[in-house]
Amino acid sequence: MTILPTERSIRRTPEGLLWEPSTRWVRGSKNGVTVVDSRRPVLVWEPDLPVPQYAFPREEVREDLLRPAKNPPTGTHTGSQIFYDLEAGGDPVENAAWTFPAEDLAGHIAFEWFRRWGTGLDHWYEEEEEIFIHPRDPHKRVDALSSSRHVRVDIDGTTVADTRRPVLLFETALPTRYYIPREDVRLDLFTPTEHHTGCPYKGTAQYWSWRGDADVPPNLVWSYPDPLPQVAAVRGLLAFFNEAVDITVDGERVARPVTPFSEMLSKRTAEQDRS
């Protein structure tokens, strides 16, 4: 089946996959070898993943670099049965690619993104811009807006940040994040860590952990020292996980949200308690 990007509508398969044609030029490489070079990729959303993935027409994939997987994780990726190991200028990469079990996506191959799962390809590009962690969702928006709201952050009754000059970051499907100037944060109450994360919309973040005895997870505070241009306003500012601290905005306490990060933060806290 040839999928043409003539309609910008999302379709649903009987397996529960959502997919949409894209007109972006996407390339992926491993060890300097171009494995994918596609001008007709398809974005695919799996039911249990909050971010999209790409699938590519077979004719735009170096299938000569793929081998039937020796240890396929059959049933993952919404019931996929066909997986491939990748051999591209180095040690074979197990289960680097697969096909989705959907008639609509027959003839397409999907790949893991290296910096998200620790496997797959090394580098991905949309047009000439390198993309990290996972593909960007065309239906997701991220806005960083300067504000004069009064924002206060407390941990176990201790005020750790107080500002009237925050930058509010609005990201589709996530709670508002409050980025606070360093001068308005009690950084003496926190310890910098070696933890880093990446975001395809914002860049690479560095983290701090709480020094006190409160029952909060490590790596509670983060900052983007060199954010992507779209969110340049948050450069060097500090944000806290709303899920784990008390935030008051203009005198009104903000309810702690339940998000995809909530479970991760709970696990961090449990691991810290066991250590």
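Residues numbered from 1 in each chain as written. Predicted model: local features only at pLDDT ≥ 70, side-chain atom pairs only at ≥ 80, totals over all residues. Heavy atoms only, no water.

Participant: Looking at this model, I keep getting lost on the packing of aromatic side chains. Mind explaining?
Facilitator: A ring pair, where both rings are aromatic, is described by two values, the distance of the centres and the angle of the planes. Taken as a whole and assessed by the stated rule, the structure comprises 13 aromatic pairs. For the pair Tyr54 and Trp113, a centre-to-centre distance of 6.2 Å together with 25° between the ring planes defines the contact as stacked. Of this pair, Tyr54 sits in strand 6 (residues 53–57) while Trp113 sits in the loop between strand 10 (108–111) and helix 2 (114–117), and the two are 59 residues apart along the sequence. With respect to class, Tyr54 is no different from Trp113; both count as buried. Their ring planes at 50° and their centres at 5.8 Å tell us that Phe241 and Phe261 sit as a pair that is tilted. Separated by 20 residues along the polypeptide, Phe241 in the loop between strand 21 (238–240) and strand 22 (246–249) and Phe261 in helix 3 (residues 260–274) bring together distant segments of the chain. The exposure class assigned to Phe241 is buried, which follows from its relative accessible area of 4%. The rings of Tyr54, Phe56, Phe111, Trp113 and Trp124 are connected pair by pair, giving a single aromatic cluster. Its guanidinium or amino end placed over the ring of Trp25, Arg27 lies 3.9 Å from that ring's centre, counting from NZ or CZ. Here the basic side chain of Arg39 rests over the ring of Trp25, its NZ or CZ set 4.2 Å away from the ring centre. (Phe/Tyr/Trp six-rings, centres within 6.5 Å; stacked < 30°, edge-to-face > 60°. Helix = DSSP H or I, 4+ residues; strand = E, 2+ residues; numbered from the N terminus. Buried < 20%, exposed > 50% of the residue type's maximum accessible area, 1.4 Å probe, protein only. Lys NZ or Arg CZ within 6 Å of the ring centre and 35° of its normal.)

Participant: Please clarify how the environment of Ile155 should be interpreted in this entry.
Facilitator: Tracing the sequence through the fold places Ile155 in strand 14 (residues 151–155). With relative accessibility at 1%, the residue Ile155 sits in the buried group. Along the chain, Ile155 and Trp210 lie 55 residues apart, while their C-alpha atoms are 8.9 Å from each other. Excluding anything up to four places from it in sequence, Ile155 contacts Val160, Phe190, Trp210, Ala214, Val216, Leu220 and Val245. (Contact = heavy atoms within 4.5 Å.)

Participant: I keep staring at unusual backbone geometry and nothing clicks. Help me out?
Facilitator: When glycine is set aside, most residues are seen to have a negative phi, and most peptide bonds are trans. Positioned with a positive phi, His77 is a non-glycine residue whose angle comes to about 50°. By the element assignment, His77 lies in helix 1 (residues 76–79). One non-glycine residue, Asn95, adopts positive backbone phi at about 50°. Within the secondary structure, Asn95 sits in strand 9 (residues 93–99). Residue class for Asn95 comes out buried when judged on its relative accessible area of 15%.

Participant: Teacher, can you tell me more about the confidence of the model for the chain here?
Facilitator: Do not read the fine detail of predicted coordinates wherever pLDDT is low. Scored by pLDDT, the chain has a mean of 91; 92% of the residues are at 70 or more. Below pLDDT 50 for its whole length, residues 1–7 participates in 17 contacts with residues either more than four positions away or in separate chains. (pLDDT = per-residue confidence, 0-100.)

Participant: Which parts of the structure should I look at to understand the sheet that holds strand 3 (residues 26–30)?
Facilitator: Backbone-to-backbone hydrogen bonds pair the strands of a sheet. The strands run either parallel or antiparallel. With antiparallel pairing, 4 strands are arranged side by side in an open sheet as 4-3-11-12. Looking along the sheet, the strands with just one partner apiece sit at the ends: strand 4 (33–38) and strand 12 (129–130). Sheet topology places strand 3 next to strand 4; 5 bridges connect them, and they run antiparallel. Its bridge partner lying in strand 4, Val26 is registered against Ser38. (Pairing = 2+ DSSP bridges.)

Participant: Teacher, can you tell me more about the pairing of strand 10 here?
Facilitator: In the case of a regular strand, side chains alternate between the two sheet surfaces. Alternating positions in strand 10 separate into two faces, His108 and Ala110 on one and Ile109 and Phe111 on the other, with burial throughout. Two elements, strand 6 and strand 10, share 3 bridges in a ladder whose sense is antiparallel. Bridge assignment links Phe56 to a residue of strand 10, and that residue is Ile109. As paired strands, strand 9 and strand 10 are joined by 2 bridges and run antiparallel to one another. The residue bridging Trp98 from the neighbouring strand is Ala110, located in strand 10.

Participant: Sorry if this is basic, but what is going on with the nonpolar core here?
Facilitator: One broad trend across soluble globular proteins is that nonpolar side chains are buried collectively. Ile155, Tyr179, Phe190 and Phe240 are the most contacted members of the largest nonpolar core, which totals 40 residues. For this core, the element with the highest residue contribution is strand 19 (residues 203–210), accounting for 4 residues. Once residues lying within four places of it in the same chain are set aside, the contact partners of Phe190 are Ile155, Val160, Trp208, Ser209, Trp210, Arg211, Val221 and Phe240. Counting residues in hydrophobic clusters, the runner-up holds 22 residues, among them Trp45, Leu86, Val93 and Ala96. (Core = buried A, V, L, I, M, F, W, Y, C linked by side-chain atoms within 4.5 Å.)

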